[in-house]
Amino acid sequence: MNQVMDYIEMKIPAKPDYVGVIRLTLSGIASRMGFTYEEIEDIKIAISEATTNAVQHAYQNDEGGEIIVGFGIYPDKLEMMVADYGQSFNFIQTKKELGPYTKSSTVDDLAEGGLGLFLIETLMDEVRVSNQSGVTVFMVKNVSGERENHDQTISNREAN
Amino acid sequence: MNLLIDKYHNNVDTVVKIAGEIDAFTAPQLRDELLPLAEGKNQSIVISLKDVSYLDSTGLGVFVGLFKQLKKNEGELKLVDLSDRLKRLFEITGLSNIITIATN
């Protein structure tokens, strides 16, 4: 079944300056789609984290360059893709290092990075990462009405 | 997008008020302003997040870095005036188990 999709694409310099611009675009798109305020705030975090990851990986390779953000707008969901064309990072290895801090974490265990991917996975309904030529993060958020019981936003998620 | 950071000292603590969005662009500025506060021994820092309109892992990383530095020098960190949303962000990342968040 073909779903009608509207597609919006942005190309930005791989600089932290422009992460906020992506957030504003996301707000504009998502608020037309029937997402709740809380859901939009969650998606803003997820897309900022993905864009920030792309910026930081571009930096690490001294590449500067550009990041492409694509939005696939469907009646019942929003797909987002953030891509850069630098080095890929090892998703599986990174994923192993993910997770919330628990009471048993010592100060030494605290990593200052690494939470980004964890937040994306927690806040989005589907997340995929491609390791071929560059890092691509693909995320999906379903519009509430159609969803099963995965109603987790930051506001109503049970604390661990 | 501007991040506003206001600092003052009273007899007990250094009080910091942050207003604006904390993300990849503004987090380095926040780090540069906060880390020096943790250099002495027994520093007590209270940070109000009342007017923070956006926060993600880049900002959380700054608070974690500050916390670690303070702990090294036997200091203390307390975050206050968090919206329910910000509180939940600290909870789902587990950071509320480690950093003191004032409850209202």
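Residues numbered from 1 in each chain as written. Chains lettered and ligands numbered in written order. Predicted model: local features only at pLDDT ≥ 70, side-chain atom pairs only at ≥ 80, totals over all residues.

**Observations concerning the overall build of chain B**
Next up, step 1: Helix and strand content of chain B: 3 helices and 5 strands.
Next up, step 2: When the helices and strands of chain B are listed from N to C terminus, the series reads β-β-α-β-α-β-α-β.
Next up, step 3: Counting only C-alpha atoms, chain B reaches 30 × 30 × 20 Å along its principal axes.
Next up, step 4: Going through the 104 residues of chain B one by one, you find that 42% of them count as buried.
Next up, step 5: In chain B, the share of contacts with a sequence separation of at least 24, taken over all contacts with a separation of at least 6, comes to 68%. (Helix = DSSP H or I, 4+ residues; strand = E, 2+ residues; numbered from the N terminus. Buried ≥ 20, exposed ≤ 12 C-beta atoms within 10 Å, placed from the backbone. Contact = placed C-beta atoms within 7 Å.)

**Topic: the overall build of chain A**
Next up, step 1: Regarding its fold elements, chain A presents 4 helices and 5 strands.
Next up, step 2: The N-to-C order of helical and strand elements in chain A reads β-α-α-β-β-α-α-β-β.
Next up, step 3: Counted over contacts in chain A with a minimum sequence separation of 6, partners at least 24 positions apart contribute 66%.

**Points about the confidence of the model for chain A**
Next up, step 1: Confidence along chain A averages 77 in pLDDT terms, with 66% of residues attaining 70 or more.
Next up, step 2: Least confident of the elements in chain A is helix H3 (residues 91-96) of chain A, whose mean pLDDT is 50; most confident is helix H1 (residues 19-30) of chain A, at 97. (pLDDT = per-residue confidence, 0-100.)

**What about the sheet that holds strand E5 (residues 100-101) of chain B?**
Residue and element names in this part refer to chain B.
Next up, step 1: What the 5 strands build is an open sheet, ordered E1-E2-E3-E4-E5; its pairing is mixed. Two strands lie at the open edges of the sheet, namely strand E1 (4-9) and E5, each paired on one side alone.
Next up, step 2: Pairing of strand E3 (residues 44-55) with strand E4 (residues 76-80) involves 5 bridges; the strand directions are parallel. Bridging from a neighbouring strand, Val46 pairs with Lys78 of E4.
Next up, step 3: Each of strand E2 (14-22), E3 and E4 touches helix H2 (residues 57-72); the most contacted strand, E4, lies at about 150° to it. (Pairing = 2+ DSSP bridges. Axes fitted to C-alpha atoms, helices over the stretch in contact; angles between N-to-C directions.)

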